[in-house]
Amino acid sequence: QVQLVESGGGLVQSGGSLTLSCVASGRTFSAYDVGWFRQAPGKERDLVAGITRTGGTIYYLDAVKGRFTISRDNAKNTVYLQMNSLKPEDTATYYCASGRSSLPLTSVLKYNYWGQGTQVTVSS
């Protein structure tokens, strides 16, 4: 079992920055790939960024490339999402999720464990 807790969301003006953190319980977190998803009201949940267990492979949604950076510190059981140059369209609830299967980072079926989400609101 892995429990995930996100933090770091909030209200920020357009062009601002936020850093989200996802802290995992359990001693085997380093064996899990992790994804950051977001979901806005009335829209589907999309993978924003993903990182494999060693950090060797990283994925970004095209809309966030060059603005968001995902990283992990396995010693701290934590994955981060640094978000710069935020836009109103980035407004959503952000979730982290983890999984160990061999499915690609972009497959939602890969992820077995989900956090409760943290709200990010970007004002124009």
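Thresholds, definitions, all that
- Residues numbered from 1 in each chain as written.
- Predicted model: local features only at pLDDT ≥ 70, side-chain atom pairs only at ≥ 80, totals over all residues.
- Heavy atoms only, no water.
- Helix = DSSP H or I, 4+ residues; strand = E, 2+ residues; numbered from the N terminus.
- Rg over C-alpha atoms; globule rule 2.2 N^0.38 Å.
- Buried < 20%, exposed > 50% of the residue type's maximum accessible area, 1.4 Å probe, protein only.
- Contact = heavy atoms within 4.5 Å.
- Areas by Shrake-Rupley, 256 points an atom, 1.4 Å probe, with all protein chains shown as cover.
- Lys, Arg positive; Asp, Glu negative; His and termini not counted.
- Charge placed at Lys NZ, Arg CZ, Asp CG, Glu CD.
- Pairing = 2+ DSSP bridges.
- Axes fitted to C-alpha atoms, helices over the stretch in contact; angles between N-to-C directions.

Further remarks concern the overall build of the chain. When you go through the chain residue by residue, the secondary structure sums to zero helices and eleven strands. Ordered by position in the sequence, the α and β elements of the chain form the string β-β-β-β-β-β-β-β-β-β-β. Against the globule reference of 14 Å for 124 residues, the chain gives a C-alpha radius of gyration of 13 Å, in line with a compact fold. Dimensions of the chain, computed from the C-alpha atoms along their principal axes, are close to 40 × 25 × 25 Å. Here the chain holds 124 residues, and 45% of them are scored as buried. Of the contacts made within the chain by residues no fewer than 6 positions apart, 57% connect residues no fewer than 24 positions apart. Accessible surface for the chain amounts to roughly 6300 Å². Of this, 49% is attributable to carbon and sulfur atoms. Averaging the positions of the 12 positive and the 8 negative side-chain charges in the chain gives two centres separated by 6 Å.

This part takes up the sheet that holds strand β3 (residues 18-24). If you walk across this open sheet you meet the four strands as β1-β3-β8-β7, and the pairing is antiparallel. Where the open sheet ends on each side, the last strands, each with one partner, are β1 (4-7) and β7 (68-73). On average, each strand axis in the sheet is inclined to that of its neighbour by 15 degrees, with strand direction left out of account. Pairing of β7 with strand β8 (residues 78-83) involves six bridges; the strand directions are antiparallel. Residue Ile 70 lies in a different strand from β8, and its bridge partner there is Leu 81.

Any functional reading would require information that these geometric values do not contain.
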